[in-house]
Amino acid sequence: MAGHEAGKPLLELRGVTKIFRYGMFGFRFRAVDDVNLVMEDRPLILTIAGESGSGKSTLAKIILGIHKPEYGQVLYRGRDIHRLRGRELLWFRKEVQAVFQDPFASFNPLKRVYGYLYETVKNIVGISERAKIDAYIDEVLRSVGLNLDKVKGKYPHEFSGGELQRVAIARALLTRPRLIIADEPVSMLDASLRVNILNVFKRIREEMGTSFIYITHDLATAYYISDLIAIMYRGSVIEYGPIERVLTKPLHPYTQTLLESIPEPDPRRRSEWLKPIKLSGIEEKEFVAKGCKFAPRCPYATKRCFEEPPPEVVVNGVRVRCWLYYVKGSSPAEKR
Ligand SMILES: Nc1ncnc2c1ncn2[C@@H]1O[C@H](COP(=O)(O)OP(=O)(O)O)[C@@H](O)[C@H]1O
Ligand code: SF4
Ligand SMILES: [Mg+2]
């Protein structure tokens, strides 16, 4: 990836692997398999895209510290997040916030949503005076197109899905996070509301300098808002780089098949040309493969593809996990 000479990356994943075990026979599979990612420390939107079951949410939970990986490390501004304790953990929780798919599941139906905002400001932000808390909440609600009067006294069911998702975003923003991880934040909303929420993300990025990890199975919205994209396939990130390059000149055969049906992309009409592409579901057993996981479907597969996992290679600033781009004598992830 492009250099991050200005200091430590915002986020760095090194060989992150999460293994789930099933049943009496201890069937194991890698829901996240040797993921490497680097995100520079400047306001960026990175999309993680993949089919349902490809490991996106598991990866998000690992980055949030909810799941501990069996192998590998997650470094946030140089610190291993799974080793943080006490004050450092509080610092991390302020800096990295999450927004999930279903806003109604994020709030207790019997509790007024204002209570959540109030507690976050009091306990995490550390403001104690009531009037100052309200003024601060109002300011943050306005950044997502709401205000305190519209929110105070209301229960979750009194909001529409789109409004409640905006409250959830405001709640995440209260701690002035440097990074927000949004896991399918618009997939339950009507199409007309999706762009609305995505525009909120764009504006927050510009005005507050917040970075986002946007998780989706929809490449159209990914293309609309992101700078970078990581494509996941069965637990692995198989291609990662600037979105323009990955979606207009995809290197990995899997990314190519995803985009095959798209006629003549015109980058000037970035929000229009890519029709929503829904990725299909996959079976867990397909996660277990000796060589390249895409080999059974790949038109370029060779014997080696079925026997050895492909290395990660960097081609013009894009990381790709495929034997096609491997040059003999180079070591994995070396520039060519
Ligand atoms: N807590 C868990 N225990 C066991 N298996 C899980 C757990 N969470 C997710 N999985 C499995 O891991 C795979 C990846 O799931 P997930 O990360 O939710 O994918 P995605 O978000 O891309 O749809 C799926 O096969 C899912 O069934
Ligand atoms: S490693 Fe081989 S099977 Fe896998 S995507 Fe590349 S060419 Fe296809
Ligand atoms: Mg998911």
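Bear in mind the structure is a predicted one, so any value in this text is a computation, not a measurement.

Chemist: What exactly am I supposed to notice about the environment of Lys 68 here?
Modeler: For Lys 68, the location among the structural elements is in the loop between helix H1 (56–63) and strand E4 (71–76). The class of Lys 68 is exposed, set by a relative accessible area of 55%. Look past the residues within four positions of Lys 68 in its chain and what remains in contact with it is Lys 18 and His 82.

Chemist: What is the right way to look at the pattern of salt bridges in this model?
Modeler: Opposite charge on two side chains allows them to pair when their charged atoms are near. Taken as a whole and judged by the stated rule, the model has 21 salt bridges. Between Arg 142 and Asp 138 there is a salt bridge, and its shortest N-O distance comes to 2.9 Å. Taken together, the positions of Arg 142 and Asp 138, both in helix H5 (residues 130–143) and four residues apart, correspond to about one turn of that helix. Exposure remark for Arg 142: the relative accessible area of 52% places this residue in the exposed category. Overall, Asp 138 belongs to the buried group, its relative accessible area being 18%. A salt bridge links Glu 207 to Arg 203, with the shortest nitrogen-to-oxygen separation between them at 3.8 Å. Taken together, the residues span about one helical turn, with Glu 207 and Arg 203 both in helix H8 (residues 191–208) at a distance of four residues. Judged by relative accessible area, Arg 203 falls into the partly exposed class, the value being 33%.

Chemist: Looking at this structure, how should I read the site of ligand 2?
Modeler: Taken together, 13 residues surround ligand 2, and among them Cys 292, Cys 298, Cys 305, Cys 322 and Trp 323 come closest. Partitioned by chemical class, the residues of the shell around ligand 2 number 12 nonpolar, one polar and no charged.

Chemist: Got a minute to help me understand the confidence of the model for the protein chain in this structure?
Modeler: A low pLDDT means the predicted coordinates there should not be read in detail. Predicted confidence across the protein chain gives a mean pLDDT of 88, with 87% of residues reaching 70 or more. Counting interchain partners and residues more than four positions distant, the pLDDT-below-50 stretch residues 1–5 has 11 contacts. Low pLDDT (under 50) marks residues 270–286, which in the prediction has 46 contacts with non-local residues, meaning those over four places away or in another chain.

Chemist: Honestly, the pairing of E4 in this entry has me stumped. Any pointers?
Modeler: For a regular strand, the rule is simple: side chains alternate between the two faces of the sheet. Here strand E1 (residues 11–22) pairs with E4 via five bridges, running antiparallel. The residue of E4 that forms the bridge with Leu 11 is Tyr 76. In the sheet, E4 pairs with strand E5 (residues 79–80) via two bridges, with the strands oriented antiparallel. By the bridge assignment for E5, Tyr 76 is matched with Arg 79. The turn joining E4 and E5, which pair antiparallel and follow one another in sequence, is formed by two residues; a positive phi near 45° is taken by Arg 77.

Reading guide: rules and limits
Residues numbered from 1 in each chain as written. Chains lettered and ligands numbered in written order. Predicted model: local features only at pLDDT ≥ 70, side-chain atom pairs only at ≥ 80, totals over all residues. Heavy atoms only, no water. Helix = DSSP H or I, 4+ residues; strand = E, 2+ residues; numbered from the N terminus. Buried < 20%, exposed > 50% of the residue type's maximum accessible area, 1.4 Å probe, protein only. Contact = heavy atoms within 4.5 Å. Salt bridge = Lys/Arg side-chain N within 4 Å of Asp/Glu carboxyl O. Near = heavy atom within 4 Å. Nonpolar A, V, L, I, M, F, W, Y, C, P; charged D, E, K, R; others polar. pLDDT = per-residue confidence, 0-100. Pairing = 2+ DSSP bridges.

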